[in-house]
Amino acid sequence: MTLSQATAAQSTHGQTADGLYFRACNLCEAICGLQLTVKGGAVVDVRGDPLDPLSHGHICPKGAVIADIHTDPDRLKLPMRRDGDTWTELGWDEALDYVATRLREVQTRHGQDSVAVYQGNPSVHNSGTLLSAGGFVRALGSRSRYSATSMDQLPHHFAAAEMFGHPLLLPIPDIDRSDYFLMLGANPLASNGSIMTAPGMRGRLKALRGRGGKVVLLDPRRTESAEVADEHHFIRPGSDALLLLALLNVIFAEKLDQPGHLAEFTDGLAELRAAAATFTPEKVAQATGVDAETIRRLAREFAAAERAVVYGRIGLSLQAFGGLCQWLLNALNLVTSNLDREGGAMWPLPAFDLLGRAKKGQTYHHRWHSRVRGLPEFDGELPVAALAEEFLTPGEGQLRAFVTIAGNPVLSTPDGEKLDQALAGVEFMVSIDPYLNATTRRADVILPPAVGLETQHYDVVFHHFAVRNTARISDPIFPIGGHQRYDWQIFESLRERLSGEKGSTPDERLELGLKHGPRHTSLEALRAAPHGTDYGPMQPCLPQRLLTAEGRINAAPAPMLADLARLEATLSADVPDLVLIGRRQLRSNNSWMHNVPRLMRGPQRCTLMLNPVDAARLNIQNGQMVEVRSRVGAVTVQAEVTGTLMPGVVSLPHGFGHGRAGVRLEVAAAHAGASANDLTDPEFLDELTGNTAASGVPVKVTAVQVPEESAAD
Ligand SMILES: Nc1nc2c(c(=O)[nH]1)N[C@H]1C(S)=C(S)[C@@H](COP(=O)(O)OP(=O)(O)OC[C@H]3O[C@@H](n4cnc5c(=O)[nH]c(N)nc54)[C@H](O)[C@@H]3O)O[C@H]1N2
Ligand SMILES: Nc1nc2c(c(=O)[nH]1)N[C@H]1C(S)=C(S)[C@@H](COP(=O)(O)OP(=O)(O)OC[C@H]3O[C@@H](n4cnc5c(=O)[nH]c(N)nc54)[C@H](O)[C@@H]3O)O[C@H]1N2
Ligand code: SF4
Ligand SMILES: [Mo]
């Protein structure tokens, strides 16, 4: 049965008919095609859709249990209002009226900007949320906007805006046609790829090596991805910008640079060369932990490869020099003529093009600053590192109310514990979220949307990051009950109550975008291809697609050049004894899905990895409980002693810490874990972009002495 037949069957019988259903998984950036078998109203089998032109049948453990979210007993379906510790369900109209009234009240009393909005990661994985939340936020009219972006990919956007003229002009590795993949601070074998929508990275990297290519990885941990690399080198957290400068240094010094035709529309190449001139491999070897000979060799190999691409992800953005890293990655691709070229870093051209109406020469950052610490705005948002202090610091402009949308900032932003305390004192808080978790437990009202298999979805954002141009519309498999609402309905209802204006539906917006987009298509045309539509590999698009004022690439943006002094100072700074980094796990999704029993089988996963050398020095045994302490807080977790971690570096995954009072998630006690963000520090950030630095946080680790009686238990 085709998707459209299935949808018809569903509407006639009220319950989803038995049969095969196809849709894209919206749980991560890989957007894999799924094939689901429904029997008796339930999903009985999920596998990868072999006919999806992008994922070719790839699926991961999360996609395989996507239906467990649908049937999850913890999932909320009706609005809830909190009175002290007691939650009461209420009707939608009553809840929406109450929320709109309370938000306006706070704004009348304390000003428009006294209500903060935080948008979390799934906002971009649900097209209903993505296309409608903005209307609500605009109706609210507050400048106090925050999101997971400043805890994630903000440096990528910053560099793209400075170099190419738009935050979304992010170059994507053309991995399927490349012969040399230099990867830093990414672990696609666990994360399934990020700002590189490329489902099945194991197969893609194998194929690259199979055609004689080479994969080189630099990471403070010998990760799952190291298993499919030709070489892995440890690198000191936060030192990547130094290494990238040294690679450029060698390339310029040995005259290996050849920007080719890109030079015709690039400014700043001389300044870039001058910037790299002082960072010789010898000068950065100690700080990076990578010896000078290796750096030289990698530079020569990269420059010599026919089709090469350098790529860096969270490890290179969630750190103190994220902005410099993302600039230098682009610069390295540029000077070796691997930008906008087959096998290098290229730009996708999605059917729904978010850049379709973008204007040239816009400014995207530092247009205003946060009240307390003067942290810079980017693209209309302030850094999450400023959030807690903006609630807690009294005075004109203090935050008084909070809206969270698909986010869990208590677990995902720096010093989450402090934010948690701050939220206990807000005048009003509403969360648009299907779960009662560490953050939403502080809300006065939770408005839970229908999610996942109940929603229609088109990947507006991830086709912009995909290694191949495809398009796919997913229709709901399960109808929602009369008592449920979609995200977009919640946002539209709130918007109407706040502004009196009615917006358009996500369908209307999608239709318009697809029609006027580069493929001039429609929802109907996409529906006719239930496995997805293939538009082929990425194509060169410069200089036409550039959005800088002059329509030229800026290889040496002034804010980056100005930030080099801060980087250079690290060469002579003291190195902390131990620094913390994070890690992602295949069977985990940031701070949620930890209550899906099929994902959480097995031993405790929220462990502190540390090298045997450090363990011996600190007298820590494998499996023992340890206290990890940073400037802002402490957590107690189990130690996992492993040679896969670089000496002097410890790793704790983020997103755990579900044990807080009032959380309503059936998480096995063994997996509640502790939050890495009770250690991360709002004052430790990339000063250039305002992005938090969760990598490289100085910590102290001590063995927890277990009293003798309990040790015997
Ligand atoms: N220390 C450290 N911290 C990190 C990171 C790290 O590597 N280390 N990574 C950072 C990164 S990259 C990210 S993206 C952030 C993520 O941080 P957040 O975006 O704040 O948190 P998530 O864990 O993604 O939480 C998603 C929330 O959305 C809800 N949700 C799921 N689907 C839907 C939906 O369709 N609609 C609505 N309305 N809600 C939904 C879930 O119930 C959950 O509460 O964490 C960041 N924090
Ligand atoms: N299964 C699963 N998949 C996910 C997620 C998830 O939670 N679970 N989250 C999704 C999200 S929101 C995102 S943003 C992506 C992230 O996608 P990735 O960036 O691929 O994710 P990570 O696995 O965190 O990989 C980051 C790597 O950087 C390394 N690292 C840390 N600090 C440094 C440093 O200073 N320098 C260098 N060179 N390396 C460093 C870490 O050891 C780690 O291996 O994953 C997405 N996919
Ligand atoms: S890799 Fe991502 S998109 Fe693919 S099945 Fe897993 S969670 Fe879903
Ligand atoms: Mo992310």
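Residues numbered from 1 in each chain as written. Chains lettered and ligands numbered in written order. Predicted model: local features only at pLDDT ≥ 70, side-chain atom pairs only at ≥ 80, totals over all residues. Heavy atoms only, no water.

### Observations regarding the UniProt feature "domain: 4Fe-4S Mo/W bis-MGD-type" (unreviewed entry) in the protein chain
Put simply, the test is: UniProt positions are given in the numbering used here, feature names are shortened, and annotations may be inferred rather than shown by experiment. Helix and strand definitions here come from DSSP, where helices need a minimum of 4 consecutive H or I residues and strands a minimum of 2 consecutive E residues; each element is numbered from the N-terminal end.
UniProt's entry tags residues 18–74 with the feature "domain: 4Fe-4S Mo/W bis-MGD-type" (unreviewed entry), counted in the numbering of this structure. Overall, residues 18–74 shows 16% helix and 35% strand. The separation of its end C-alpha atoms is 26 Å.

### Describing the packing of helix α9 (residues 240–253) against helix α14 (residues 322–335)
Our working definition: To obtain each axis, a line is fitted to C-alpha atoms, and for helices this fit is confined to the stretch in contact; angles are then taken between N-to-C directions over 0 to 180 degrees. Roughly parallel covers angles under 35 degrees, roughly antiparallel covers those over 145, roughly perpendicular covers 65 to 115, and oblique covers all other angles. A crossing counts as left-handed when the near helix is turned anticlockwise from the far one by less than a right angle, and as right-handed when that turn is clockwise. The contact criterion used throughout is that any non-hydrogen atoms of two residues lie within 4.5 Å. Side-chain classes follow a simple rule in which Ala, Val, Leu, Ile, Met, Phe, Trp, Tyr, Cys and Pro form the nonpolar group, Asp, Glu, Lys and Arg form the charged group, and the remainder, Gly included, forms the polar group.
Put simply, α9 and α14 touch, their axes get as near as 9 Å, and they point 25° apart. In terms of their interaxial angle, α9 and α14 are classed as roughly parallel. Along this stretch, α9 crosses α14, giving a crossing that reads as left-handed. Two secondary-structure elements touch here, α9 through D240, A241, L244, L245, L247, L248, I251 and F252 and α14 through L324, C325, L328, L329, A331, L332 and V335. In the contact of α9 with α14, the residues fall into 14 nonpolar, no polar and 1 charged.

### Section: the site of ligand 3
What counts is decided by this rule: Nearness here has a simple test: a residue counts as near a molecule or strand if at least one of its heavy atoms is within 4 Å of that partner.
If you check the shell around ligand 3, you find C25, L27, C28, A30, I31, C32, I59, C60, K62, G63 and N192 and nothing else. Here the shell around ligand 3 is built from residues that sort into 8 nonpolar, 2 polar and 1 charged.

### Some points on the pairing of strand β28 (residues 634–641)
Both faces of the sheet carry side chains from a regular strand, because those side chains alternate between them. The cut-off we apply is this: Here, strands pair whenever DSSP counts at least two bridges between them.
Pairing analysis gives 4 bridges linking strand β26 (residues 607–610) to β28, with the strands arranged parallel. In the strand pairing of β28, L610 is matched with V641. Of the pairings in the sheet, the one linking strand β27 (residues 625–629) to β28 comprises 5 bridges and is antiparallel in character. Each bridged residue has a counterpart across the sheet, and for M625 the counterpart in β28 is Q638. The turn joining β27 and β28, which pair antiparallel and follow one another in sequence, is formed by 4 residues.

### Focus on the environment of S317
Using the following cut-off: Exposure classes here rest on a 1.4 Å probe applied to the protein chains alone. A residue is buried below 20% of its type maximum, exposed above 50%, and partly exposed in between. N or O atoms closer than or at 3.5 Å make up a polar contact, with two conditions inside protein: a donor-capable atom paired with an acceptor-capable one, and, for residues adjacent in sequence, both atoms drawn from side chains.
Among the structural elements, S317 can be located in helix α13 (residues 314–317). Using a relative accessible area of 0% as the deciding quantity, one classes S317 as buried. Along the chain, S317 and G602 lie 285 residues apart, while their C-alpha atoms are 31 Å from each other. Other than its neighbours up to four places away in sequence, S317 contacts D152, Q153, P155, H156, G322, Q326, N691 and T692. A distance of 2.9 Å separates a polar atom in the side chain of S317 from the backbone oxygen of D152.

### Description of the site of ligand 2
Around ligand 2, a shell composed of 32 residues is seen, among which S191, D219, D240, S588 and S695 lie nearest. Between K62 and ligand 2, the recorded distance is 3.4 Å, taken from a side-chain N or O atom to a nitrogen atom. Every element with two or more residues in the shell around ligand 2 is listed here: α7 (188–191) and α13. Across the shell around ligand 2, the residue classes break down as 11 nonpolar, 14 polar and 7 charged.

### A look at the nonpolar core
The nonpolar side chains of a soluble globular protein tend to be buried with one another. Stated precisely, the cut-off is as follows: What is meant by a nonpolar core is a set of buried Ala, Val, Leu, Ile, Met, Phe, Trp, Tyr and Cys residues, joined one to another through side-chain atoms within 4.5 Å.
Counting residues in each nonpolar core, the largest one holds 101 residues, and the members touching the most others are F181 and W327. With 11 residues, the single largest contributor to this core is α9. When sequence neighbours within four positions are dropped, the list of residues in contact with F181 reads P173, I175, M196, M201, L205, L208, K214, V215, V216, V309 and Y311. In terms of nonpolar packing, the next biggest core, distinct from the first, is built from 34 residues, Y146, L375, A388 and V426 among them.

### So, the environment of A161
Assignment of secondary structure puts A161 in helix α6 (residues 154–164). A161 sits in the buried class, given a relative accessible area of 11%. A sequence separation of 386 residues divides A161 from L547, and the C-alpha atoms of the two residues are 8.4 Å apart. When residues no more than four places from it in sequence are discounted, the contact partners of A161 are H166, P167 and Y364.

### Structural notes on unusual backbone geometry
Outside of glycine, negative phi angles account for most residues, and trans bonds account for most peptide bonds. Cis geometry marks the peptide bond from L542 to P543; its omega dihedral reads 0°. By secondary structure assignment, the location of P543 is in the loop between β23 (533–537) and β24 (553–554). The backbone of N590 shows a phi angle near 45°, a positive value even though the residue is not glycine. You can see N590 is positioned in the loop between β25 (579–581) and β26. Take N590: its relative accessible area is 23%, and that puts it in the partly exposed class.

### A few points about the environment of S337
Within the secondary structure layout, S337 lies in the loop between α14 and β14 (345–346). Note on S337: relative accessible area 12%, which makes it buried. Sequence-wise, S337 and P259 are 78 residues apart; in three dimensions their C-alpha atoms are separated by 4.4 Å.

### Some remarks on the sheet that holds strand β11 (residues 231–233)
One open sheet holds the 4 strands; their spatial order is β11-β10-β9-β13, and the pairing between them is parallel. Either end of the sheet is taken by a strand with one partner, and the two such strands are β11 and β13 (308–312). Adjacent strand axes in the sheet meet at a mean angle of 15°, parallel and antiparallel pairs treated alike. Where strand β9 (residues 180–184) lies against strand β10 (residues 214–218), 5 bridges are found, and the strand directions are parallel. Pairing of Y180 across the sheet is with K214, part of β10. The sheet contacts of helix α12 (residues 292–304) involve β9, β10, β11 and β13, and relative to β11 the element is tilted by about 140°. Against the sheet, α14 makes contact with β9 and β13, and its axis sits at roughly 175° relative to β13, the strand it touches most.

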